[in-house]
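# Reading the structure
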Amino acid sequence: MKKYFKFLAIAVIVIFSSFMLSNRNEASKSEAIVAATATEVLIKKEKHIALERYPEKETQNVSHKLDLLLQRIHKRNDFNGSILVAKHGKILYSNQIGFADFSKKEPLSKTSLFQLASVSKQFTAAAIMLLYERNQIKLTDTVTNYFPDFPYENVTIKNLLNHTAGLPKYFWVAEHKWKKEKAPTNSEMMALLASSNVQRFFKPGYNFDYSNTGYFVLASIVEKISGLSFSNFVKKNIFDPLDMKNSYIYSFENDSIKANQLDGYRLYRGWRHLKINSTINDAIVGDKNVYATSEDLIKWTLGLNSGKLLSKESLNLMYSKGETVRGRKVPYGFGFRIDTKDEKTIYHHGKWNGFSTALTQYPEEDLVVVVLEHSSYNNMTSLNKNIKKIVFENFKD
């Protein structure tokens, strides 16, 4: 009997020990999961960009000069838009002038949402570089790796990024080959290119030709690889991490119009502003159709330059001139125009359906200028030079 109780006691001890060990392991697993989740949340929080501003007393003089410039171009050149200037990562000046809705006489505000036109291309390039850093693509991959029916052989992702692919203009293809009433989406345009038998301009890599087609194809590759719509991919991987709450991608006839989303206008007979209607090309994304505010574009620039999205190596590729197969430099990196004539300037302008936009970086001076406008303004290059000159002459930090 004593022997029986002895064995029973041993069995109870073993079972109890196993139970405690199991609970301890589960607790450790739970702690690890909580720790991992906390780390993930911390990383996401750290990516958020908190905008800083110079004290008003330090910017009174330069702000006065820029206000005068804004009033002058509004009166003389029908400028209806916003200007934002940041130096050393801090907002130096931000203001807007004119109407958001001309028929209702509603003024623009800092929450007005502008179509970025071709300034959108830098977000497409960044989306591609995110896939590149995750080893999901190579820059030397050809489009036919992902779309076997793509009719133009040997076009690499890098060719698309720096406009050396030689592809035909999809605007022309849509306007002459598309037979449906509703505007084509990216997937429909990819299929149309495959069936339309339109010749390309040159063999890939042999020349530079600015191409909206290349950037809609890049967005289509992002969708193919990620399994997400391009809009959702950019929101999840760029807009949300950088706290760009007033930025999104809009596809005509497929997405709902948001509050504060502006229309583009043109001036008719010198006094009347007419709204510009959307076209058959307005459902395509990747080359245009990002909407944003000026402040969100500063968040984007700061987030990109500080390494919160991409590595320094990837950023250097985006900010460096491309070249042809013969070694000739082209004035474009990945999503950005590159000008090294006087000082290095990294920039992009956009013009589409009445919207005129510019995002310009002067790295040597750590200066960023954002100009967004929606009544067909035409002097963006001159305006940027004037803004830079005023800042240089009237602000000392």
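Heads up: these notes are all about the structure in this document.

Procedures and definitions
Residues numbered from 1 in each chain as written. Predicted model: local features only at pLDDT ≥ 70, side-chain atom pairs only at ≥ 80, totals over all residues. Heavy atoms only, no water. Pairing = 2+ DSSP bridges. Helix = DSSP H or I, 4+ residues; strand = E, 2+ residues; numbered from the N terminus. Core = buried A, V, L, I, M, F, W, Y, C linked by side-chain atoms within 4.5 Å. Buried < 20%, exposed > 50% of the residue type's maximum accessible area, 1.4 Å probe, protein only. Contact = heavy atoms within 4.5 Å. Salt bridge = Lys/Arg side-chain N within 4 Å of Asp/Glu carboxyl O. Phe/Tyr/Trp six-rings, centres within 6.5 Å; stacked < 30°, edge-to-face > 60°. Lys NZ or Arg CZ within 6 Å of the ring centre and 35° of its normal. Expected span 1.5 Å × (residues − 1).

It is worth spelling out the sheet that holds strand E7 (residues 248-249) at this point. As summarised here, the arrangement of the 3 strands in space is E6-E10-E7, forming an open sheet in which the pairing is antiparallel. If you trace the sheet from one side to the other, it starts and ends with strand E6 (114-115) and E7, each paired once. Sheet topology note: the E6/strand E10 (residues 290-292) ladder contains 2 bridges and is antiparallel. By the bridge assignment, Phe-114 is partnered in E10 with Ala-292.

A few words now on the nonpolar core. In summary, soluble globular proteins display a tendency toward joint burial of nonpolar side chains. Core analysis: the largest hydrophobic core is formed by 78 residues, its most contacted members being Phe-150, Ile-238 and Trp-300. At 8 residues, helix H3 (residues 121-133) tops the list of elements feeding residues into this core. Setting aside residues no more than four positions away along its own chain, Phe-150 makes contact with Val-143, Thr-144, Val-155, Leu-167, Met-190, Leu-193 and Val-217. Of all hydrophobic cores here, the second largest spans 24 residues; its members include Phe-79, Leu-92, Leu-383 and Val-391.

Applying the stated criterion to the full structure yields 10 salt bridges. When salt bridges with common partners are traced through the structure, they connect Asp-243, Lys-245 and Lys-299 into a single cluster.

Applying the stated rule across the entire model yields 16 aromatic pairs. With centroids separated by 5.4 Å and ring planes inclined at 75°, the aromatic side chains of Phe-150 and Tyr-152 adopt a geometry described as edge-to-face. The two residues Phe-150 and Tyr-152 agree in class, both being buried. Each ring, one from Tyr-250 and one from Tyr-291, has its centre 5.9 Å from the other, and the planes form 85°; the classification is edge-to-face. Residue Tyr-250 is found in the loop between E7 and strand E8 (265-268), and its partner Tyr-291 is found in strand E10; the two are separated by 41 residues along the sequence. Here Tyr-250 falls in the buried class, since its relative accessible area comes to 8%. For Tyr-291, a relative accessible area of 6% translates into the label buried. Aromatic rings pair up to connect Tyr-170, Phe-171, Phe-216 and Trp-352 into one cluster. Stacked on the ring of Phe-147, the Lys or Arg Lys-224 has its end atom at 5.1 Å from the ring centre. Of note, Lys-396 hangs over the ring of Phe-392, and the distance from its end group to the ring centre comes to 5.0 Å.

Before going further, it helps to spend a moment on helix H9 (residues 294-305). Working note: α-helix, 3.6 residues per turn, so residues spaced by three or four point in the same direction. A rise of 1.5 Å per residue sets the reference length of H9, with its 12 residues, at 16 Å; its end C-alpha atoms lie 17 Å apart and thus fit the reference within 8%. Burial runs high along H9: 10 of the 12 residues are buried. Taken together, the buried positions of H9 are occupied by Ser-294, Glu-295, Asp-296, Leu-297, Ile-298, Lys-299, Trp-300, Thr-301, Gly-303 and Leu-304. Following H9 by one or two positions, Gly-307 has its phi on the positive side, about 80°.

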